[in-house]
Structure formats: structure tokens, C-alpha cells
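Structural overview for review
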Amino acid sequence: MGPILRIVDLHKRFGSLEVLRGVSLDVAQGEVVTLIGASGSGKTTLLRCINALEEYQEGRIYLGDTLLGYRENSERLARLPESQLARQRADVGMVFQSFNLFPHITVLDNVALGLVYVRRRPGDEARRIAASWLERVGLADKVGAYPFQLSGGQQQRVAIARAVAMGPKLLLFDEVTSALDPELVGEVLSVMQDLARSGHTMLVVSHEMMFVREVAHRVIFMDGGVVAEQGPPDQLLHQPRTERLRTFLGRFRGVFGAV
Amino acid sequence: MAQAILLGLVQLLRGLRTTLEISAVVLVAGTVLGLVTGLALEYGNLVVRLLARAYVDTVRGIPVLVLIFACYFGLPVFGLKLSSFQAGITALSVFAAAHIAEIVRGGISSIPRAQTDGAMAIGLGFWQRLRLVILPLAIRRMLPPWVNAAVEIVKGSALLSLLGVVELLLAMQNVVGYTFIVLPFYALTALLYFAVNFTISRTAALLERRFAYLRY
Amino acid sequence: MSAYHYNWFLAWQSFPRFYWGLALGLELAALSLLIGSVIGAFGAFGRTFGPGWLRAGIVAYVEFLRNVPLLLLVYFAFYGLPKAGITIFNNVWSFVIALSVYSGAYLTEVFRAGVSSVPTAYTEAGKAIGLTAWQRTFLITLPVTFRIILPSLSNTFISLFKDTSLASVLAVPELTYAADWLNVNTFRTIEAWTFATVMYLCAGYAIALALRRIERRYAVIR
């Protein structure tokens, strides 16, 4: 079985600024891969390119055997129309830093919306599936609540439920704990750990080094728009090979305990 | 004398009914056209956006009276034989739509990109996003200015009196003309306009409070 | 498009009428803005600092004027006031009165918002250096309020300029009346209303540009 996600030589420019300068990486089925790196290294942009929230100029992104976001036109890439992009996005789940829950519907409906309108499940079945995912993330008693009634940590857990209930092949996490108060971070990380143990394929951008060390199978360090180093967490975090990674980790001195 | 006054009151009420009819038709037509134009302004390609912009800016840049006269006198030249009522309603609808288009555009563009991202991320297509997420959220933002537009429409209906349409203002003028009772009927007419518009605004305030729980 | 003959030259001959009509319209708008601002300033202060009955009265005034058509007020000023025994004004002044009172209601709200958004930091600084309440009002509150509400005043002026078209019903020779005159006397409908439209658009655009420049000069630096 080939890798679930394959990124080949991805280049992305914002105007004259090249943010991704030839990124290549793979994620295998069931693997949990963390992306670390300084702000501006392109991590968030990379995630947004994968689920077609951003366009890119060169390179290819494959989900299984499917080319994402574009159609091959001899050697050139042609952007797919919006309706096809929507269908592709259904197979890639994304959890955002600012939750992005829909404020005008209940938590249950937030999770069920995609199931009804994209996966075309009947309303009752969708709500049942949604309720069971909400239970899984520990919010069974909040199904009728509106997002504004929940804490940040609770809202983020709903956002995770919303993404994973769609049954995607790949889950993307974009610094999902960065906007949370410190005491709420733990509940979100334990949900993510639970998902990792159940075998979900996850690509996580995070600063939470504890999580990286405990849960990730592989760590990728991005710097200046390229993959600078990658490897198992223990090796990467304790025996960095490149100078850039050493400098980056130097900022976290003391966080890992014995570094 | 008393008979004349009674007759006058009846005529005023008939005029009021015409005013309400005009306002209702213009509000509906203007909202539909305004919604389409607003979507065009926000999501259209360059040509569509430019055309919509030209329409909205031109119509909003001239007095509504000029638009009314232009429609009334000008449209027959192009072969469109309309009654004063129809010409007046057309002009007012075109005017209202231009204002409502701006309201719609403003409402939609005020929805944070995060909401669009979230809707895209779960695989909703463009029209689904619009129907399920963007418009429901935007409508709550658009309600106050839309209600203001409704009040302006009711006030604008008074201008149709200049085309001979017997709505409330012209009815008042007729009644004053043959009863020679001026101030009381002026006062009553003002009161009627006030009552209609005040009711519209109050209803809207109630609706707004109902949706006030939304915070994003 | 049956038998309509365009005659732009004929329309162009009447251009002075349009030009002077535009000028008159601007004058009417400016005058109404001035008087309306005085009403608005007093109304705002009365609403914020006045006794209960004054506040209620001002609220009634504002709510009433905002829900009634301007045309009704114009007719009232010209036909109704004489019946109430008030001196007969000519058509121009009747219109100015109507438009001033109308704009006064809107401007009361504009000034009120402006006054209440003057940061307390400024008035407290004034207190700290020993200014009296009246001094603070004239030296700090009013100038700052003016700068804050400048954009709203600009928009109000442009609205008032468009509202001056209603003066045409009293035969005041402003821009809309000029177009109407041309239409009725020469039947050059298209030319007449095109002229009017173009002139209103150009005037509006020019006014907006001029006002933006003034705004930039006096913009509040927070």
C-alpha cells in the first residue's frame, strides 16, 4: 500500500515572496507526522495547499492515487473547478487554529452538516454519527449547545469531531492548540492522541513538543520553505543533525526535560 | 362638513393602502434584484463586477426623483408604455435594489474568511457554502440596514404623488384641496407615515434581539 | 425607438440653466447643512446633558422626522405654515426650512455619537489642567467631536445635495427643475435627463473628492 499523502517538489509564491521552495514529503497510512519549524517556514501554507484552500505554482500533491486540486494538462497544471475541489476536500479533514465553527447552528449540527450535504446521509443517521463522535471527544452532554456557549478547548474538540466524522483519508491539524488558554490544551491533545492510537493518518503542525515526542511517529522540520530534516522524534529532537534545527530547538531548552 | 371630513378620512386610508402596496412591491422586487446584484458585486468576474458597480454607483449617485422622472418620461421613448404606477414602481425598485446590493455586499464581505475556510474544509461546494453558512450569517448582519431601506422605500413612495399616483400624500393634497381643512389632515398624514415606519423599525429591533446571541 | 429625434444642441443651449441650477442646489444643501448642524449640535447636547423632558422632546423630534417623507415637510413648510399663522416664506426659504429641520434630526444623532465617542482621556486632561466645564466643551469636546464626525458630515452633505432635487416641486430653479423644464418645453426627454444624471454624478464625485481631502487634513489622530 503506497503512502496516503505524497507531496512532490511543491512551490508556492505569494506575489514575489516564495514561501514553499520545493517541499517533498510522504505520509503513510496510519502515520502521525508532525511538522515543526519557525513561523514563516511555510507549515500552515503547506497544509492549506493540501486541502486546496491555496493554489500553488509548481509541484504535485497526491492523496492516494488522486492528484489534488489540479488536472494534468500535458506537463502543465490546470486548476479544477470549485465543485470538484469540494469533493476532494471531503476526503481531507482540517482542524483550524481558530476552530472556525459555524456560530449559527448547534454543535451537533456543526458536526452533522457535512455528513448531510456532502456525504449525503439522511438527517437522522447523520445526527447519530455526529452524536457518537461528540461522545468520543468527551462532549456528549453538549450536543444541543451553540459554539459561543463552550470554552475554547471544547470548541476545538467539536472542530476535531467535525473533521473526523466526515471519514477523511487524512487529517490536517494547523496549530490547533495555539489559540487556547494553557489549561485547555491538554483536553485537545488527549483527543488527538486517542485518534492517533486508533490508526488515523494525521499531519500535525504544532509547537507542543511533549505531544510531538509522545505521539508522533515522525517529525519533519521545515525551514525557509523546504524540508530541512526529518526522522523519528527521539532522534530528531535529541540528536539534531543540521545547525538550523539545533538553533530552532535551542529556543525550547528546558522544555523536554533532559535535552 | 362632518361628511366631508369622513370622506376625507376614507380617502386618506385608501391612499395609505396604495402606499403600502407600492412599498411592498418595491421592497420585494428591490430585495430580489439587490440580492442578485450584491452577489454579483462580491463573487462575479471582472466584467460582471464592473457592470454591477456602474449600475449601483450611478443609481446611488443621483436623486431618486431624477430616476423616477427619467423612467416616467424616458422609458416610453424606448417603446415601453408604462402607467405612472408601473413607471414609479420600476424606478423605486431600481433605486432600492442599488441600495440593497450594497447592503448585501457589505454583509457578505463582513463574514470572516475563517467561516468560508471551515465550510470549504468539510467539502461544501460554492452554492452550498452560500446557502448553509454565508447567507445565514450575513442576513443577521444585513437586517438593520435593510430595515432602514424599507423605511426609505415607504418615504420614497410619497414621490410617486408627483406622477399622479394617488398614494397617501396625493390623497392628502386632494382632501385638503376640497375641504380646506389643512393642518389636521397634514398632521394625520404625518402620523400615518410615522406609524407605518415606526412599526417597521420596532419589528426589526425585536427580530435583531432574537438573533443577538450570535457572536463571531 | 419610433420617431425620437435626438437634438443635443438644443439641450446644450440650455446648459446655463443646468449649471446655475447645480450651483443653487449646492447652496441650498450647504445652507441646510449649516442650519441643520446648529440644530443637531443643540439637540445632541440637550439629549446628552439636558433634563428629562428636554431629552424626551428631542427623541420625539428625531424619531418623528426620520420616519416622515421629506416631501410632506416641504409641502407643510410652503402650504401649511401660512395656515398656522407663521409668516409666508418664499419657495426657496420654505424648502431650506424643511430640509434644515429634516437634516437636523439626522445630525442630532450624528453629533450625539460624536460627542459620546470623544475619549474621556482628553476631557480628563482638560480637567487636570483646571479648565471649567464650558472651557472643556468649547476647547476640547466640540473640536474633537467635529473631527470625529467629519466623515458623517460629508456623507450627510452629499445626501442633502441629492435631496435638493425636491425643491423642484416648489419651482425652485435647481438642477432637477432645469431638466424638467427642458423636458416639458422642448420634449428632449433623453437629453434632459441624461444631462441631469451626468451633472449629479459629476458633482457628487467632485464633492466626495473635495471632502476626502478636507477629512484627511483634519482626521483625528488616535
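Every chain is numbered independently, its residues counted from 1 as its sequence is written. Chains and ligands are labelled by the order in which they are written, letters from A for the one and numbers from 1 for the other. Reporting of local features is limited, given that this is a predicted model, to residues whose pLDDT is at least 70; pairs of side-chain atoms are given and counted only at 80 or more, and all residues count toward the totals for whole chains, interfaces and linings.

Moving on: the nonpolar core. In this structure, A:Val111, B:Leu67 and C:Val74 are the most contacted members of the largest nonpolar core, which totals 196 residues. Put simply, DSSP marks the helices as runs of H or I at least four residues long and the strands as runs of E at least two long, and each gets a number from the N terminus on. Of the residues forming this core, the biggest block, 14 residues, is contributed by helix H4 (residues 84–109) of chain B. Setting aside residues up to four positions removed in sequence, A:Val111 forms contacts with A:Ala130, A:Trp133, A:Leu134, A:Val158, A:Ala161, A:Arg162 and A:Ala165. Each nonpolar core reported here comprises buried Ala, Val, Leu, Ile, Met, Phe, Trp, Tyr and Cys residues connected via C-beta atoms within 7 Å. In this scheme every C-beta is placed from the backbone, and a residue whose C-beta has 20 or more other C-beta atoms within 10 Å is buried, one with 12 or fewer is exposed, and one in between is partly exposed. For the purpose of contact definition, each residue receives a C-beta atom placed from its backbone, and two residues are in contact when these atoms lie within 7 Å.

What follows concerns the interface of chain C and chain B. With 29 residues of chain C at the interface, the matching set in chain B holds 28 residues. Looking at the side of chain C that touches chain B, the elements that each hand over two or more residues are helix H3 (52–66), helix H4 (70–83), helix H8 (175–186) and helix H9 (189–218) of chain C. Per-element accounting of the side of chain C that touches chain B gives the leading share, eight residues, to H9(C). Amino acids outside the nonpolar list (Ala, Val, Leu, Ile, Met, Phe, Trp, Tyr, Cys, Pro) and the charged list (Asp, Glu, Lys, Arg) are all regarded as polar, and Gly is one of them. Across the side of chain C that touches chain B, the residue classes break down as 16 nonpolar, nine polar and four charged.

This part covers the sheet that holds strand E12 (residues 226–231) of chain A. Residue and element names in this part refer to chain A. Sheet architecture is open: six strands sit in the order E8-E9-E10-E3-E11-E12, paired in mixed fashion. Lying at the two open borders of the sheet, with one neighbouring strand each, are strand E8 (92–95) and E12. Taken over all neighbouring pairs, the strand axes of this sheet differ in orientation by 20° on average, direction set aside. Note: strand E3 (residues 32–36) against strand E11 (residues 218–223), four bridges, orientation parallel. Note on E11: the bridge partner recorded for Ile36 is Phe221. One bridge is not enough; two strands pair if DSSP finds at least two bridges between them. Between N-to-C directions, angles cover 0 to 180 degrees, with each direction set by a line fitted to C-alpha atoms, over the stretch in contact for helices.

Residues and elements named next belong to chain A. The sheet contact formed by strand E1 (residues 5–14) and strand E2 (residues 17–27) spans eight bridges and is antiparallel. By the bridge assignment, Leu10 is partnered in E2 with Val23. Hairpin remark: E1 followed by E2, antiparallel, with two residues in the connecting loop; positive phi at Gly15, about 65°.

This part covers the arrangement of the chains. The structure contains two pairs of chains in contact, of which chains B and C account for the largest number of contacts. Nothing in chain A touches chain C, and the closest approach of their C-alpha atoms is 29 Å.

Before going further, it helps to examine the sheet that holds strand E5 (residues 66–67) of chain A. All names here are of chain A. The four strands are arranged E2-E1-E4-E5 in an open sheet whose pairing can be described as antiparallel. Only two strands of the sheet have a single neighbouring strand rather than two, namely E2 and E5. Bridge count for strand E4 (residues 58–63) against E5 is two bridges, and the pairing is antiparallel. Each bridged residue has a counterpart across the sheet, and for Tyr62 the counterpart in E5 is Leu67.

Residue and element names in this part refer to chain A. With burial as the criterion, each face of strand E10 (residues 202–205) is covered, one bearing Met202 and Val204 and the other bearing Leu203 and Val205. Taken together, the four bridges between E3 and E10 define a ladder with parallel strand orientation. Directly across from Val33, in E10, lies its bridge partner Leu203. Taken together, the four bridges between strand E9 (residues 170–174) and E10 define a ladder with parallel strand orientation. Pairing of Leu171 across the sheet is with Met202, part of E10. The parallel pair E9 and E10, bridged by helix H6 (residues 182–197), forms a crossover whose chirality is right-handed. A clockwise course of the path from the first strand over the helix to the second, judged with the strands pointing away from the viewer, identifies a crossover as right-handed.

Attention now goes to the confidence of the model for chain C. Note that predicted coordinates carrying low pLDDT should not be read in detail. Residue and element names in this part refer to chain C. The predictor rates its confidence in each residue with pLDDT, a number between 0 and 100. Mean pLDDT over chain C works out to 88, with 97% of the residues at or above the 70 mark. Least confident of the elements in chain C is helix H6 (residues 120–128), whose mean pLDDT is 78; most confident is H3, at 93. Listed scores for the predicted complex are pTM 0.82 and ipTM 0.90.

Attention shifts here to the packing of helix H3 (residues 64–74) of chain B against H4(B). Residue and element names in this part refer to chain B. The geometry of H3 relative to H4 is characterised by a closest axis approach of 8 Å and an angle of 135° between their N-to-C directions. Relative to H4, the element H3 is oriented oblique. Crossing handedness for the pair H3 and H4: right-handed. In contact with Val64, Leu67, Ile68, Cys71 and Tyr72 of H3, H4 contributes Ser84, Ala87, Gly88, Thr90, Ala91, Val94 and Phe95. Looking at side-chain class alone, the contact of H3 with H4 contains nine nonpolar, three polar and no charged residues. Reported orientations rely on four angle classes, namely roughly parallel under 35 degrees, roughly antiparallel over 145, roughly perpendicular from 65 to 115, and oblique for the rest. Handedness of a helix crossing follows the sense of rotation of the near helix relative to the far helix, less than a right angle counterclockwise being left-handed and clockwise being right-handed.

Moving on, we come to the interface of chain B and chain A. Tallying the contact residues gives 20 residues for chain B and 24 residues for chain A. Only helix H5 (113–121) and helix H6 (126–157) of chain B provide two or more residues apiece to the side of chain B that touches chain A. For the side of chain B that touches chain A, the class distribution of residues is 13 nonpolar, five polar and two charged.

Before going further, it helps to examine the packing of helix H1 (residues 2–43) of chain B against helix H7 (residues 168–179) of chain B. Residue and element names in this part refer to chain B. Running from amino to carboxyl end, H1 crosses H7 at an angle of 165°, the nearest separation of the two axes being 7 Å. Taken together, the axes of H1 and H7 are roughly antiparallel relative to one another. When you trace H1 past H7, the crossing you get is right-handed. Between H1, through Ala4, Ile5, Gly8, Gln11, Leu12, Arg14, Gly15, Leu16 and Thr19, and H7, the contact on the second element is made entirely by Leu168, Leu170, Ala171, Met172, Asn174, Val175 and Thr179. Grouping the amino acids of the contact of H1 with H7 by side-chain chemistry returns nine nonpolar, six polar and one charged.

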